[in-house]
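# An overview of the molecular structure
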Amino acid sequence: LGKRALGPVATIDGKALAAEAIHLLQELRAGYRHLRERVTPFQALGVMAAARLLYGMMFVAAILISRHILSVPGSANSSIKHFTLVLGFAAVGFGLAAVITPAFAHRVDRHQWIVACLLLGAVGQTLLAISSSSWALLAAAVIVSFSVQGGKIAVDTIVQRDTDDAFRGRAFALYDVAYNTAFISAAVVGALVLPTNGYSQAVMGALVVAYLVVAFVYSRAPRTAVVV
């Protein structure tokens, strides 16, 4: 394929590109202001990003633990085997959240469900604060993955429900930015605070505390959304 075989048909000069970039930023700023005015979707994006950051920290630790603690020294296959197992258990957590969360949709308020998921995440993270053994990592993978995905489903619902139609596209554009930025930031923070083997009881304990703090702050946040 040639450089322009798939397009664009017409090139955009620097001036037009700059104008488009400015327009994009203006649209995102308008979406940001709208979310702040509606309150609940803004809070939901914040708690989603916080949970994703904490989950990303565990994800980075899981890679390093699988490589340096659980696997046979010098064996790439052993490392891949252990981390694949972690991913499998995490997938179980995601799957359970997709089934169980909708079942409680009419029984538990979305905000309460998010708080419950954060507390569950603290429980799962506590297992890793206790031990770096395989059982602890696999159990934490299931529990924390359920926690993060269950909370995310509730966040999706809140953003969809409490955002005006005219701003919903921009709201989910900001959602994607927050989601991915949080996960990438977790890798940066992990590189700074985690040891080479990926396991530190102090860091794992700090993540437990962080889950509890986020749950407390979110549970006390005012709910004053204006739903039209």
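Residues numbered from 1 in each chain as written. Predicted model: local features only at pLDDT ≥ 70, side-chain atom pairs only at ≥ 80, totals over all residues. Heavy atoms only, no water.

## Re the packing of aromatic side chains
Quick reminder of the rule: In this scheme Phe, Tyr and Trp rings, the latter by its six-membered ring, pair at centre separations within 6.5 Å, and the angle between planes marks the pair as stacked below 30 degrees, edge-to-face above 60, and tilted otherwise. Secondary structure elements are taken from DSSP: a helix is a run of H or I of four residues or more, a strand is a run of E of two residues or more, and numbering for both begins at the N terminus. Working definition: with a 1.4 Å probe on protein chains only, accessible area under 20% of the residue-type maximum means buried, over 50% means exposed, and in between means partly exposed.
Using the criterion set out here, one finds seven aromatic pairs in the structure. When the centroid spacing of 6.1 Å and the interplanar angle of 70° are considered together, the rings of Tyr55 and Phe94 count as edge-to-face. Taken together, the residues Tyr55 in helix α2 (residues 40–70) and Phe94 in helix α3 (residues 76–103) connect sequence positions 39 residues apart. Accessibility expressed as a relative area gives 4% for Tyr55, which makes it buried.

## Side note on the nonpolar core
A general trend in soluble globular proteins is that nonpolar side chains are found buried together. Heads up, the condition is: Put simply, buried Ala, Val, Leu, Ile, Met, Phe, Trp, Tyr and Cys residues joined by side-chain atoms within 4.5 Å make one nonpolar core. We call two residues in contact when some of their heavy atoms are within 4.5 Å.
In this structure, Ile114, Leu118, Val155, Met204 and Tyr211 are the most contacted members of the largest nonpolar core, which totals 52 residues. The element contributing the most residues to this core is α2, with 13 residues. Beyond its immediate sequence surroundings of up to four residues, Leu118 is in contact with Val47, Ala51, Ser147, Tyr211, Val214 and Ala215.

## Thoughts on empty space enclosed by the protein
Selection criterion: Only protein atoms enter the calculation, which uses a 1 Å grid: trapped sets of points that fit a 1.4 Å probe without letting it out are cavities, open sets showing protein on both sides within 12 Å along at least five of seven lines are pockets, and any residue with an atom within 4 Å of a point is a lining residue. Grid points are joined across faces, edges and corners, and a volume is the space filled by probe spheres set on the points.
Under the criterion given, the structure shown has two cavities of 30 Å³ or more. The space that makes up the largest cavity amounts to roughly 110 Å³. Met48, Ala51, Val148, Gly151 and Lys152 are the residues nearest the centre of the largest cavity, which is lined by 13 residues in total. Counting residues per element, the ones that place at least two in the lining of the largest cavity are α2, α4 (110–130) and α5 (134–162). By residue number, the principal contributor to the lining of the largest cavity is α5, which donates five residues.

## Structural notes on α3
Stated precisely, the cut-off is as follows: Take the number of residues in a helix, subtract one, and multiply by 1.5 Å to get its expected span.
Over its 28 residues, α3 runs 41 Å from end to end, which matches the ideal 40 Å to within 8%, given 1.5 Å per residue. Restricting attention to buried positions, one finds in α3 the residues Ser78, Ser79, Phe83, Val86, Ala90, Gly93, Ala97 and Thr101. Next to the buried residues of α3 lie α2, α4 and α5.

## As for the packing of α2 against helix α6 (residues 168–193)
What counts here: Working convention: axes come from line fits to C-alpha atoms, limited for helices to the stretch in contact. Angles between N-to-C directions cover 0 to 180 degrees. Definitions for this section: a left-handed crossing has its near helix turned counterclockwise from the far helix by less than a right angle. A right-handed crossing has that turn clockwise. Residue classes follow a fixed rule: Ala, Val, Leu, Ile, Met, Phe, Trp, Tyr, Cys and Pro count as nonpolar, while Asp, Glu, Lys and Arg count as charged, and any other residue, Gly among them, counts as polar.
Running from amino to carboxyl end, α2 crosses α6 at an angle of 35°, the nearest separation of the two axes being 8 Å. For the pair α2 and α6, the crossing hand works out as right-handed. The class makeup of the residues in the contact of α2 with α6 is 19 nonpolar, three polar and one charged.

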